Amino acid sequence: MFCRAMTLLVILTALAGCGFQLRGTGLAEGLTYQLVSEQNQPAGYADFQRVLKATLGRAGVREASPADVTLRIKAFQADTLDGAVNAQLRVAENISTASLVVSVLDDKGILLADELVLERREAYRMDRSQLLGSYEQQTSVEQSLNQDLADQILRALSVVMRSSATAVVTAERSIDSDAVRDAP
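Everything in this summary refers to the structure shown in the same document. (Residues numbered from 1 in each chain as written. Predicted model: local features only at pLDDT ≥ 70, side-chain atom pairs only at ≥ 80, totals over all residues. Heavy atoms only, no water.)

### Notes on the sheet that holds strand β2 (residues 62–63)
So, point 1. Read from one edge of the open sheet, five strands run β2-β1-β3-β4-β5, paired in mixed fashion. At either margin of the open sheet sits one strand with a lone partner, and together these are β2 and β5 (111–125).
So, point 2. As judged from the 12 bridges shared by strand β3 (residues 69–82) and strand β4 (residues 93–106), these two strands associate in the antiparallel manner. The residue bridging T80 from the neighbouring strand is S96, located in β4. (Pairing = 2+ DSSP bridges. Helix = DSSP H or I, 4+ residues; strand = E, 2+ residues; numbered from the N terminus.)

Set out below in structure tokens:
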């Protein structure tokens, strides 16, 4: 047992010493974004927008104008519906849903990612004898849904940026190979 622990410690020390580190989201440092949304967003959109900006900030993406990419958000909805009822026909379960439509545009306004429909849903039990606790639980679930949507947007942005960077590198290689081939 002691030998295994020492072996593991030596391996971890060697990995740390050689510069190994886990990679983040893959977004380039210094990437900037601009957030554009519809005029008449529901009241819950302000909470989602705060969560989205914090999530992007932690990933190293900062808000600026003009920006490298524009995130266009439409049709944000956050609803809580009554689900199952108990034997006394009182609500025993709620279902919270958050959804939106997002598009990603580059700095010239060219569409990089067409409209992505993102939706998260969670069902949870209600305790009618603890209404304050049930309200806190509902608030916690709504915050979790907002965070999940923000994470989905970050992942989508990462994929779009990786694919557009790959397209640029491919185009540069094609231009370079054409120049070499056409050289006298």
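### Some thoughts on the nonpolar core
So, point 1. Core analysis: the largest hydrophobic core is formed by 31 residues, its most contacted members being F48, L52, L56, L71, I73, L100 and I153.
So, point 2. When contributions to this core are tallied by element, the ones reaching two or more residues are β1 (32–37), α2 (45–58), β3, β4, β5 and α3 (131–182).
So, point 3. Considering every element that reaches this core, the biggest residue donor is α3, with nine residues.
So, point 4. Residues contacting L71, with those up to four places away along its chain left out, are Y33, Q34, L35, V36, L56, S103, V104, I153 and L157. (Core = buried A, V, L, I, M, F, W, Y, C linked by side-chain atoms within 4.5 Å. Buried < 20%, exposed > 50% of the residue type's maximum accessible area, 1.4 Å probe, protein only. Contact = heavy atoms within 4.5 Å.)

### Describing the environment of G44
So, point 1. Inspection of the secondary structure puts G44 in the loop between β1 and α2.
So, point 2. Separated by 54 residues in sequence, G44 and A98 have C-alpha atoms that sit 9.5 Å apart.

### Re the environment of S65
So, point 1. Looking at the element boundaries, S65 is found in the loop between β2 and β3.
So, point 2. In this structure the C-alpha to C-alpha distance between S65 and Q34, which are 31 residues apart in sequence, comes to 6.3 Å.

### With respect to unusual backbone geometry
So, point 1. Going from S65 to P66, the amide bond is cis rather than trans, its omega being 0°.
So, point 2. Locating P66 in the fold gives a position in the loop between β2 and β3.
So, point 3. Phi is positive for A75, which is not a glycine, with a value near 55°.
So, point 4. Its place among the elements puts A75 in strand β3.

### Thoughts on α2
Residues that lie three or four places apart on an α-helix share one face, since the helix turns once every 3.6 residues.
So, point 1. Its 14 residues give α2 an end-to-end C-alpha distance of 20 Å, which sits within 8% of 20 Å, the value for a rise of 1.5 Å per residue.
So, point 2. Phi turns positive one or two residues past the end of α2, at G60, with a value near 90°. (Expected span 1.5 Å × (residues − 1).)

### Remarks on the packing of aromatic side chains
So, point 1. Overall, the coordinates contain three aromatic pairs when judged by the stated rule.
So, point 2. Taking the centre distance of 6.2 Å and the plane angle of 45° together, the rings of Y45 and F48 count as tilted. Here Y45 pairs with F48, and both are found in helix α2, just three residues apart, close to one helical turn. For the pair Y45 and F48, a shared accessibility class is recorded, and that class is buried.
So, point 3. Here the aromatic rings of F48 and F76 are separated by 5.3 Å at their centres, their planes lie at 25°, and the arrangement is stacked. (Phe/Tyr/Trp six-rings, centres within 6.5 Å; stacked < 30°, edge-to-face > 60°.)

### Examining the pairing of β5
So, point 1. Bridge count between β4 and β5: 12 bridges; the pairing is antiparallel. By the bridge assignment for β5, L105 is matched with L111.
So, point 2. Taken together, β4 and the strand that follows it, β5, pair antiparallel across an intervening segment of four residues, in which G109 is found at a positive phi of about 90°.

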